[in-house]
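Coordinate analysis (summary)
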Amino acid sequence: MEKLIGEKVNIAVFVSGEGSNLKNLIKFSKKKKSNFSVKIVISNNFKSKGLLYAKKTKIITRVYNFINKKNYEKKLVSTLSKLDINLICLAGFMKILPSSFIKKFKGKIINIHPSLLPKYKGLNTHKRALINKDKYTGCTVHYVNNKLDSGKIILQKKIRLLKKDNIESVRKKVLKIEHQIYPKAIKKIII
Ligand code: GRF
């Protein structure tokens, strides 16, 4: 992805729930060193805390049902095009995007996942890492393709799993490193 020197890349963030990654990206984007700007936040959930936070910070928000693509895909694509969005960042977005949408934005959709991919695609990643007594777990930022959590890896960070760890302690520790690597991963792919 290319940009002009000094120009910020416009990103859209898709969220469904808490939105701690979204908040972190918004905060980071306001720093001088940031090379991106969060132009719009999209959600499938009116009650998403992330969405409510974005509204408060006066970022444009839109909610679509993401159930039947006939009902939302055109509108979504047109909204993103009007805002000249160059990159879509999924951050705790719990819906599967239609393949037609992924095709339209090929190479421009990325996701953050709470495991060291290719290990533990899908849900309950921390539980699975704990059950398997893994020494390490972590998080991954990757491109989105048509297979769940399977696109090319952009950046990963790992942490040690301790005997005293439980799902909640791992969740907190992993979120912390997610917040470190997501902005870095964006920086890495914007040349
Ligand atoms: C994160 O663990 C992310 O990796 C996963 O969903 C969680 C979202 O957390 N895809 P938040 O909504 O950003 O707090």
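Strand order in the open sheet made by the seven strands is S3-S2-S1-S4-S5-S6-S7, with mixed pairing throughout. Whereas interior strands pair on both sides, the edge strands pair on one side only; in this sheet they are strand S3 (60-63) and strand S7 (153-160). Strand-to-strand twist across the sheet, computed as the mean angle between neighbouring axes with direction ignored, equals 20°. Sheet topology note: the strand S2 (residues 36-43)/S3 ladder contains four bridges and is parallel. Residue pairing for S3: Ser43 is matched across the bridge by Val63. Running at roughly 155° to S2, helix H1 (residues 20-29) makes contact with strand S1 (9-15), S2, strand S4 (87-90) and strand S5 (109-113) of the sheet. Against the sheet, helix H6 (residues 167-189) touches S1, S2, S4, S5, strand S6 (136-143) and S7, its axis set at about 155° to S7.

To continue, consider the packing of aromatic side chains. If you walk through the whole model with that rule in mind, you get eight aromatic pairs. Judged by centre distance (6.3 Å) and plane angle (45°), the rings of Phe14 and Phe101 are tilted. Taken together, the residues Phe14 in strand S1 and Phe101 in helix H4 (residues 99-104) connect sequence positions 87 residues apart. With respect to burial, Phe14 and Phe101 carry one shared label: buried.

Grouped burial of nonpolar side chains is what soluble globular proteins tend to show. By size, the foremost hydrophobic cluster in this structure holds 36 residues, and its most contacted members are Ile11, Val13, Cys89, Ile110, Tyr182 and Ile186. Broken down by element, the residue count for this core peaks at eight residues, all from H6. Contact partners of Cys89, with chain neighbours within four places excluded, come to Ile11, Ala12, Val13, Phe14, Leu25, Ile110, Tyr182 and Ile186. Listed in part, the 20 residues of the second largest apolar core include Tyr64, Val77, Ile85 and Leu97.

For the peptide bond that leads from Leu117 to Pro118, omega is 10°, which places it in the cis range. Structurally, Pro118 is set in the loop between S5 and helix H5 (125-131). One non-glycine residue with positive phi stands out, namely Lys58, at about 65°. Topologically, Lys58 is positioned in the loop between helix H2 (49-56) and S3. Positive phi values are uncommon outside glycine, yet Phe66 reaches one of about 55°. Within the element layout of this structure, Phe66 appears in the loop between S3 and helix H3 (69-82).

If the charged atoms of two oppositely charged side chains come close together, the side chains can form a pair. Enumeration according to the criterion identifies four salt bridges in this entry. Between Glu18 and Lys49 there is a salt bridge, and its shortest N-O distance comes to 3.1 Å. Here the residue Glu18 occupies a position in the loop between S1 and H1, and Lys49 occupies one in helix H2, the gap between them amounting to 31 residues. The class of Glu18 is partly exposed, set by a relative accessible area of 48%. A salt bridge links Glu168 to Arg171, with the shortest nitrogen-to-oxygen separation between them at 3.1 Å. In this pair, Glu168 and Arg171 are both assigned in helix H6, three residues apart and thus about one turn of the helix distant. Looking at Arg171, the relative accessible area reads 35%, which means it is partly exposed.

Thresholds, definitions, all that
Residues numbered from 1 in each chain as written. Predicted model: local features only at pLDDT ≥ 70, side-chain atom pairs only at ≥ 80, totals over all residues. Heavy atoms only, no water. Pairing = 2+ DSSP bridges. Helix = DSSP H or I, 4+ residues; strand = E, 2+ residues; numbered from the N terminus. Axes fitted to C-alpha atoms, helices over the stretch in contact; angles between N-to-C directions. Contact = heavy atoms within 4.5 Å. Phe/Tyr/Trp six-rings, centres within 6.5 Å; stacked < 30°, edge-to-face > 60°. Buried < 20%, exposed > 50% of the residue type's maximum accessible area, 1.4 Å probe, protein only. Core = buried A, V, L, I, M, F, W, Y, C linked by side-chain atoms within 4.5 Å. Salt bridge = Lys/Arg side-chain N within 4 Å of Asp/Glu carboxyl O.

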